[in-house]
Amino acid sequence: MDPTFDARSLIERISEDEKAHALKINTEVRKSLAEFLRNEGFLEIPPVIISTITDPLFHSTGGAEIEYAGAKFRLTKSMIFHKQLAILAHDKIFSFSPNIRLEPPEMADTGAHLLEFTQLDLEMAYEPRNSVIELAEDMICHVISHVKKNCQEQLDRFGRDLNVPDKPFERITYKEAHDEYGGIYEEVLSQKKKEPFWIIDYPITGREFYDREKPDDPGFLDDMDMIYPEGYGEALSGGSREYRRDRIEKRILRQGLDLDDYHVYLELAEEGLSPSSGFGLGIERLVRYICGLSDLEAITLFPKTPGSVSI
Ligand code: ASN
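Computed from a predicted structure; not experimentally measured. (Residues numbered from 1 in each chain as written. Predicted model: local features only at pLDDT ≥ 70, side-chain atom pairs only at ≥ 80, totals over all residues. Heavy atoms only, no water.)

Novice: So what exactly am I meant to see when it comes to the overall build of the protein chain here?
Specialist: Regarding its fold elements, the protein chain presents 10 helices and 11 strands. The C-alpha atoms of the protein chain give a radius of gyration of 20 Å, which matches the 19 Å a tight globule of 311 residues would have. The dimensions of the protein chain, computed from C-alpha atoms along their principal axes, are 55 × 50 × 40 Å. Summarising the internal contacts of the protein chain: among those between residues at least 6 apart in sequence, 71% fall at separations of at least 24. Just so you have it, the protein chain exposes about 14,800 Å², and 50% of that area is on carbon and sulfur atoms. The average position of the 37 basic charges and that of the 58 acidic charges among the side chains of the protein chain differ by 2 Å. (Helix = DSSP H or I, 4+ residues; strand = E, 2+ residues; numbered from the N terminus. Rg over C-alpha atoms; globule rule 2.2 N^0.38 Å. Contact = heavy atoms within 4.5 Å. Areas by Shrake-Rupley, 256 points an atom, 1.4 Å probe, with all protein chains shown as cover. Lys, Arg positive; Asp, Glu negative; His and termini not counted. Charge placed at Lys NZ, Arg CZ, Asp CG, Glu CD.)

Novice: I would appreciate a short explanation of the site of the ligand in the present structure.
Specialist: Around the ligand sit 14 residues in total, of which K83, R101, Q119, D121 and R241 are the nearest. In the environment of the ligand, an oxygen atom lies 2.7 Å from a nitrogen or oxygen atom belonging to the side chain of K83. One of the side-chain N or O atoms of R101 is found 2.9 Å from an oxygen atom in the ligand. Considering the ligand on its own, with 270 Å² of exposed area, one finds that the protein chains cover 94% of that surface. Breaking the shell around the ligand down by element, the ones donating at least two residues are β6 (116-125), β10 (233-240) and β11 (276-282). When its residues are assigned to classes, the shell around the ligand shows three nonpolar, five polar and six charged. (Near = heavy atom within 4 Å. Polar contact = N/O pair within 3.5 Å; in protein donor to acceptor, adjacent residues only side chain to side chain. Nonpolar A, V, L, I, M, F, W, Y, C, P; charged D, E, K, R; others polar.)

Novice: Teacher, can you tell me more about the pairing of β10 here?
Specialist: It is a general feature of regular strands that their side chains alternate between the two faces of the sheet. Counting buried positions along β10 yields six of eight residues, so the element is predominantly enclosed. The antiparallel hairpin formed by strand β9 (residues 223-228) and β10 contains four residues in its connecting segment, where E230 sits at a positive phi of about 60 degrees. Bridge count for β10 against β11 is five bridges, and the pairing is antiparallel. By the bridge assignment for β11, G239 is matched with G278. (Buried < 20%, exposed > 50% of the residue type's maximum accessible area, 1.4 Å probe, protein only. Pairing = 2+ DSSP bridges.)

Novice: Help me understand the sheet that holds strand β3 (residues 65-68) in this model?
Specialist: The three strands lie next to each other as β2-β4-β3, forming an open sheet whose pairing is antiparallel. Only two strands of the sheet have a single partner each, and these edge strands are β2 (50-51) and β3. Here four bridges tie β3 to strand β4 (residues 71-75), and the two strands are oriented antiparallel to one another. Of the residues in β4, the one forming a bridge with I66 is F73.

Novice: Even after reading the chapter, I still don't get unusual backbone geometry, so can you show me in this structure?
Specialist: Phi is mostly negative for residues that are not glycine, and the peptide bonds are mostly trans. The residue after K167, namely P168, is reached through a cis peptide bond having omega -10 degrees. Locating P168 in the fold gives a position in the loop between α5 (152-157) and β7 (170-173). Positive phi, normally seen in glycine, also occurs at L57, with a value near 60 degrees. Examined against the element boundaries, L57 turns out to sit in the loop between β2 and β3. Unusually for a residue other than glycine, D201 sits at a positive phi of about 60 degrees. Here D201 is to be found in the loop between β8 (197-200) and β9.

Novice: Can you help me understand the pattern of salt bridges in this one?
Specialist: It is possible for side chains of opposite charge to pair when their charged atoms get near one another. Counting across every chain of the model gives 22 salt bridges. Across the salt bridge formed by K83 and D121, the nearest N and O atoms sit 2.6 Å from each other. Of this pair, K83 sits in helix α3 (residues 80-86) while D121 sits in strand β6, placing them 38 residues apart in sequence. Like D121, K83 is buried. Here the residues in one salt-bridge network are K83, D121, E123, D211 and R241, joined through shared partners. (Salt bridge = Lys/Arg side-chain N within 4 Å of Asp/Glu carboxyl O.)

Novice: Sorry if this is basic, but what is going on with the side chain of D211 here?
Specialist: Following the sequence through the fold, D211 ends up in the loop between β8 and β9. Beyond its immediate chain neighbours, meaning those up to four positions away, D211 contacts L221, D223, G238, G239, S240, R241, E242 and R251.

Right, here's the structure in full:
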């Protein structure tokens, strides 16, 4: 039994008006995202919760494992590999995917990390990065206008005056951002900007092995993050994907990872993955941005804060 558990304060927190308003906005956000994507020809795939393979991620995020039938199932950190396979069934797919990332306790201070969250994960076969960038811009504009139309009462209660952003969103390369602001480029730019924007072309040394290297700019990736303005930080992360076995293998080795851990994925790549592009967008962060609140706990009914134990 967790000695810090306090049933009364949990019941009080869940009953707060703020939670009800955030829940209404969360419901409308998910509804409008799904509607938008269905209209664009996407099919929704059920989330994968456990699998023998999952995203290793780049930063030090612990994974959770379940032993079963003499094998190890991993709880999904992101559905990246399953998305690359799912586009073989239909060329445009999405999922509301629960992700488990056991973040170190100090990540509690960011207000932007939860051990359990939902990612809108999508992928498009045979499309370049630009297609998913344009799709993401249309999608964000659609969601914000939907929420403004359907949740004005809740936005007023949060004192939030939100504009539908202008398209296209500004694109800034990692090189430009890093040269100007150093290692804290994302925080500084997010604070300065008034509208969502892109950071594109991250260095190969700083990201996962599945985003594709730019053929005309070796050492940099054909990838992108969308960043919210007003200091709200990362909205989504994605790129065009590496699908060729030999290159995937080199990238895995380059990151110091063990090829054995990825032999299933490598065999699948050998059999034939397709070129694709896609991204994952954190639902709770989008709701936090729309509500204009400072941390994810405020808009989550059962927040799993790094370093804490909760139901
Ligand atoms: N879902 C992201 C993507 O599609 C990956 C991630 O969450 N790390 O690129």
